[in-house]
Amino acid sequence: MKKILVLMVSICFVCALVTGCKSKDIVKNTEENKKTTEKTTEKTTEENEIKECFDYNSAQVVDTGFVTGYGNKVYSCSCKTSGSVYILHVADMETGEQVPLCNVEDCLHKNYKCGGYICFDSDKIWDMKIINNRIYFVISTGSKLSTISLSINGGERKDEGVFLDIQKVMPNGGGLDDNSARVENKNIFFSFDKFDDTNERYLCIVRKSLDDKGNTETVLEEVMSDDGVGTSGYNIMDGYLYYNNGAEFKRINLSNLEIEKVAEDMYYVSRYNNSGQILACTYNENHLDIYVYDDGNKYYIQNSGLKEEYLNIIQNSAESSLESYYIDDKYVYIYEKNEIGKTLIFDHKFSYIGAVDMKVIATVGENLICVDENKFVSVKREEIFDKFPEKLTIMIKKSEYDYEWPEKMDDIG
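Draft legend 1. Focus on helix α3 (residues 308-315). Taken residue by residue, α3 has L311, I314 and Q315 as its buried positions. Along the axis of α3, the buried residues cluster in a sector spanning 85 degrees; they form a single face. If you follow the buried residues of α3, they end up packed against β23 (287-294), β25 (322-327), β26 (332-336) and β27 (342-346).

Draft legend 2. Inspection of the sheet that holds strand β9 (residues 134-141) at higher detail. Reading across the sheet, the 4 strands line up as β8-β9-β10-β11 and stay open at both edges, with antiparallel pairing between neighbours. Two strands lie at the open edges of the sheet, namely β8 (124-131) and β11 (158-165), each paired on one side alone. Put simply, the sheet's adjacent strands are angled 20 degrees from each other on average, direction ignored. For β8 and β9, the ladder comprises 7 bridges, and the chain directions are antiparallel. Bridge pairing in β9 links I130 to I135.

Draft legend 3. Local environment of unusual backbone geometry. Unusually for a residue other than glycine, N132 sits at a positive phi of about 50 degrees. Mapping N132 onto the fold places it in the loop between β8 and β9. The exposure class of N132 is partly exposed, given its relative accessible area of 31%. The phi torsion at N199 lies on the positive side, around 75 degrees, for a residue other than glycine. As for its placement among the helices and strands, N199 is situated in the loop between β14 (187-195) and β15 (201-209).

Draft legend 4. Main features of the pattern of salt bridges. In total, this model carries 18 salt bridges according to the counting rule given. Between E184 and K129 there is a salt bridge, with its nearest N and O atoms 3.8 Å apart. Highlighted residues: E184 in strand β13 (residues 181-184) and K129 in strand β8, separated in sequence by 55 residues. Residue R134 pairs with E156 through a salt bridge whose shortest N-O separation is 3.6 Å. Placement of the pair is R134 in strand β9 and E156 in the loop between β10 (144-151) and β11, with a sequence separation of 22 residues. Classification of E156 by relative accessible area gives exposed; the value is 55%. Connected through salt bridges with shared partners, the residues E222, E248, K250 and K261 form a single ionic network.

Draft legend 5. A look at the sheet that holds strand β18 (residues 240-244). Across the sheet, which stays open at both edges, the 4 strands sit in the order β17-β18-β19-β20 with antiparallel pairing between neighbours. The open sheet has two free edges, formed respectively by β17 (235-237) and β20 (259-261), since each of these has just one partner strand. Shown here is a sheet whose adjacent strand axes are inclined to one another by a mean of 25 degrees, direction ignored. Bridging between strand β19 (residues 249-253) and β20 involves 3 bridges; their strand directions are antiparallel. Across the sheet, residue K250 finds its bridge partner in β20, namely K261.

Criteria and thresholds
- Residues numbered from 1 in each chain as written.
- Predicted model: local features only at pLDDT ≥ 70, side-chain atom pairs only at ≥ 80, totals over all residues.
- Heavy atoms only, no water.
- Buried < 20%, exposed > 50% of the residue type's maximum accessible area, 1.4 Å probe, protein only.
- Helix = DSSP H or I, 4+ residues; strand = E, 2+ residues; numbered from the N terminus.
- Arc of directions from axis to C-beta.
- Contact = heavy atoms within 4.5 Å.
- Pairing = 2+ DSSP bridges.
- Axes fitted to C-alpha atoms, helices over the stretch in contact; angles between N-to-C directions.
- Salt bridge = Lys/Arg side-chain N within 4 Å of Asp/Glu carboxyl O.

Laid out in structure tokens, this is it:
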């Protein structure tokens, strides 16, 4: 729920990543790497066509990078050093192999000529999503937001064009949020705050279809409350966009752009899974209301069996910092960084199951993407409560600039 207010918008982001794994060899950036990339490409081509991938919570992996994927394939963007380029990688969770997704012969994967090239290090990546066997990226260069796409088999990079110039739509300044971008239902959505000539603050959301070259459409332009909670909670489900304006929780019918308040007998959508179960996080006076909505029933966190001291930390809206929370097809995950530093895991009726000492941030297939010290790792969901679950390193935080690709996890200091 953090906002960054700016008078002159300049966007820069760092998405971090390298590879490694525990007890499994990782493929190095050599001829062997190139051959493995070719094998990975062949396997991907043989699989069913991916129309639109449902990956849980990928848009929330914003502090150092993004992941997306399906089944046992995890795609991530990697930038080896400051001042270089982001390269798309694919990891196979079964074999432990992770390689640049490149189809260029004898490529060293170091510059824009690489088949997995996404953008330069100075650009910011806002979101990534698989649609029709292509991976779409929302990126910004300076104040201009654009979309590029790559084949899930590597290469075939397409520049889909600029859809928004932040400086033009925010001439008097405003604010952006790390969760501003969404790629949903073959549309790009982007949210921002702006000030008018009288210093009135507006919440704005625009959308652009990926299927045509038409204009970017304004979905919302609404005066914000002085409390200004922000836009980080907005989400899209079944033709509705759910958002808050700092004071009220509302939804927009995306077919006719009509807006209505989410009443008490309705439900709000913060996150959802592919079974139609919904996780809502709203606020009521001085505390957060967190519940699962399933088949007409609401299951609240306060009835979960969680210790009262933890409940108070999570539900105190003035103190709480829910850095990660989402629902997949098996569990609900809540990470509160300030006091707990653990991921609390619940079932779909919000009964508490247990906690793990990692920040769980996303689910791809049967794999959980977690933050573990300075690494982003994948853990099999069925092993998450094991004392020593096997971890495959997907990313290394970008602050670790100087490194070589490790052969084994033990080689990372």
